[in-house]
Amino acid sequence: MVSSNTELAYNSKIEGEVVVSRMDAVINWIRTNSMWPMPMGLACCAIELMGTASSRFDIARFGAEVMRFSPRQSDCMIVAGTVTYKMASAVRRIYDQMAEPKWVIAMGACASTGGMYRSYATLQGVDRIIPVDVYVSGCPPRPEALLDALIKLQAKVRRERSATNLRSPQS
Amino acid sequence: MSATPNVTAALQEKFPQAAARASLDHPAVNVPAADAHAALKFLRDEQGFDFLVDVTAIDWAEGVSPRFTVVYHLLSTTRHDYIRVAADCPNDATPAIATVSDLWAGANWHERETYDMFGIKFDGHPDLRRILMWDGYPFFPLRKEFPLAGIDSPLPDAEIGAETGARLIAAPMAGGPFVASSGEINLTEAEPRAKDESWNERRGKPEA
């Protein structure tokens, strides 16, 4: 007689220490829940970024509290502030040094579009030099807006075909 | 009553070509470019103007002669007085004037900035490189003929320019400069925005 499984959660005795899932789901679950940001703080948005990381808003609730100042160890570049043409080369080089997989959040009006700096010195949107995943509006955005961007980015990562990419790495 | 009129007189006694300069606040003098270094040294050593506040320049626009005027702002920490010294650059095409970085070490970066923005050469400067823009930038942004939006030119890093295809573009100026509304309680309203939203990149500016 087959007994029905009344367990609601994983039970190692019944499942035999095996969990069946999709590779994508597992990889994306790991990636989304410990996304280490590269804080590319270039202007006042960086102050809000610090506020987001601090106790009141606590980005650790979403697994992204490990701010890495080395691009080699980070997953998600948060471009927080005005990107000047002089700085653009450095931003691109740091992005190039980040290991795959990597994502970019353009935080605030300046990083997204150049913002109010319509001038000879300012890059008119960081997406001209690096691929941006999530744009955040605001000047500067509230910490909640950055958290929302992080959640949106996590949702995006959950939809990725990570296992396929593992077998045939995309350039 | 400030003691500065005496300074102007003393300066004119030593440098007869020095002339009072129209000024709304502090006293100001014009001196010939050839005398500027000596006059500033005189003000520093004999009149107590020990602090060079700023070195900047004026571009009176193309076709005007003299086109460039270098302006020095001096402060005396002992007399508590300001004086402004202006000197016209003799050459309009390749403006140049003697450096004062030997008198005030702080002039070094001020003169680099003035060179960066106006293209005025400071003869004898120990390290006359650009300070805000990068070496190799082809323009001088604060000259009158240079548009605020900028001029199309390559990125400072040619390698990254080739990789990304990005260039310095003339920034879209629709709506005019962005202005913040300070004191506005509603944060959405206070954010910097173009005051004239009747036109944008797609819809042209209505004829006045």
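Residues numbered from 1 in each chain as written. Chains lettered and ligands numbered in written order. Predicted model: local features only at pLDDT ≥ 70, side-chain atom pairs only at ≥ 80, totals over all residues. Heavy atoms only, no water.

## Details of the pairing of strand β3 (residues 103-107) of chain A
All names here are of chain A.
- Burial analysis of β3 places five of its five residues in the buried class, the great majority of the element.
- Covered by surrounding structure in β3 are Trp103, Ile105 and Met107 together with Val104 and Ala106, the residues of both alternating faces.
- In this sheet, β3 lies alongside strand β2 (residues 76-80) in parallel orientation, the contact comprising five bridges. Across the sheet, residue methionine 77 finds its bridge partner in β3, namely valine 104.
- Between β2 and its parallel partner β3, the chain crosses via helix α4 (residues 85-97), and the hand of that crossover is right-handed.
- As defined by bridge partners, β3 adjoins strand β4 (residues 134-136) across three bridges and the pair is classed as parallel. Along β4, the bridge assignment pairs methionine 107 with valine 136. (Buried < 20%, exposed > 50% of the residue type's maximum accessible area, 1.4 Å probe, protein only. Helix = DSSP H or I, 4+ residues; strand = E, 2+ residues; numbered from the N terminus. Pairing = 2+ DSSP bridges. Right-handed = clockwise from strand over helix to strand, strands pointing away.)

## Observations concerning the domain arrangement of chain B
- Domain annotation of chain B identifies domain 1 (5-123) and domain 2 (151-202).
- Using only C-alpha atoms to locate each centre, domain 1 of chain B and domain 2 of chain B end up separated by 35 Å. (Domains from an automatic or database assignment.)

## What to know about unusual backbone geometry
All names here are of chain A.
- In this chain, glutamate 100 is followed by proline 101 through a cis amide linkage whose omega measures 0°.
- Each neighbour pair has its own omega, and for cysteine 139 with proline 140 the value is -10°, a cis peptide bond.
- By the element assignment, proline 140 lies in the loop between β4 and α6 (143-158).
- Of note in the backbone geometry, aspartate 58 takes a positive phi value of approximately 55° without being a glycine.
- Relative to the helices and strands, aspartate 58 is located in the loop between α3 (45-53) and β2.

## Topic: the environment of leucine 187 of chain B
- Relative to the helices and strands, leucine 187 of chain B is located in helix α5 (residues 187-190).
- Considered as a pair, leucine 187 of chain B and aspartate 50 of chain B are 137 residues apart in the sequence and their alpha carbons are 45 Å apart.

## Looking at the environment of glycine 51 of chain A
Residues and elements named next belong to chain A.
- Inspection of the secondary structure puts glycine 51 in helix α3.
- By relative accessible area, glycine 51 is classed as partly exposed at 24%.
- As for glycine 51 and arginine 159, which are separated by 108 residues in sequence, their C-alpha atoms are 29 Å apart.

## Some thoughts on the interface of chain B and chain A
- Contact residues are listed per partner, giving 30 residues for chain B and 16 residues for chain A.
- When residues of chain B are sorted by the area they lose upon contact with chain A, Ile160, Ile169 and Phe178 of chain B head the list and together hold 23% of the total.
- At the surface where chain B touches chain A, the tally comes to three salt bridges.
- Glutamate 159 of chain B is paired through a salt bridge with arginine 93 of chain A; the nearest N and O atoms lie 3.3 Å apart. (Contact = heavy atoms within 4.5 Å. Buried area = accessible area lost by both parts, 1.4 Å probe. Salt bridge = Lys/Arg side-chain N within 4 Å of Asp/Glu carboxyl O.)

## Some remarks on the packing of α3 of chain A against α6 of chain A
Residue and element names in this part refer to chain A.
- Orientation of α3 relative to α6, taken along the N-to-C sense of each, is 75°, at an axis distance of 9 Å. It follows that α3 is roughly perpendicular to α6 by the angle criterion. Of α6, the residues touching α3 (which contributes Glu48, Leu49 and Thr52) are Pro143, Leu146 and Leu147.
- Of the residues assigned to the contact of α3 with α6, the class counts are four nonpolar, one polar and one charged. (Axes fitted to C-alpha atoms, helices over the stretch in contact; angles between N-to-C directions. Parallel < 35°, antiparallel > 145°, perpendicular 65-115°, else oblique. Nonpolar A, V, L, I, M, F, W, Y, C, P; charged D, E, K, R; others polar.)

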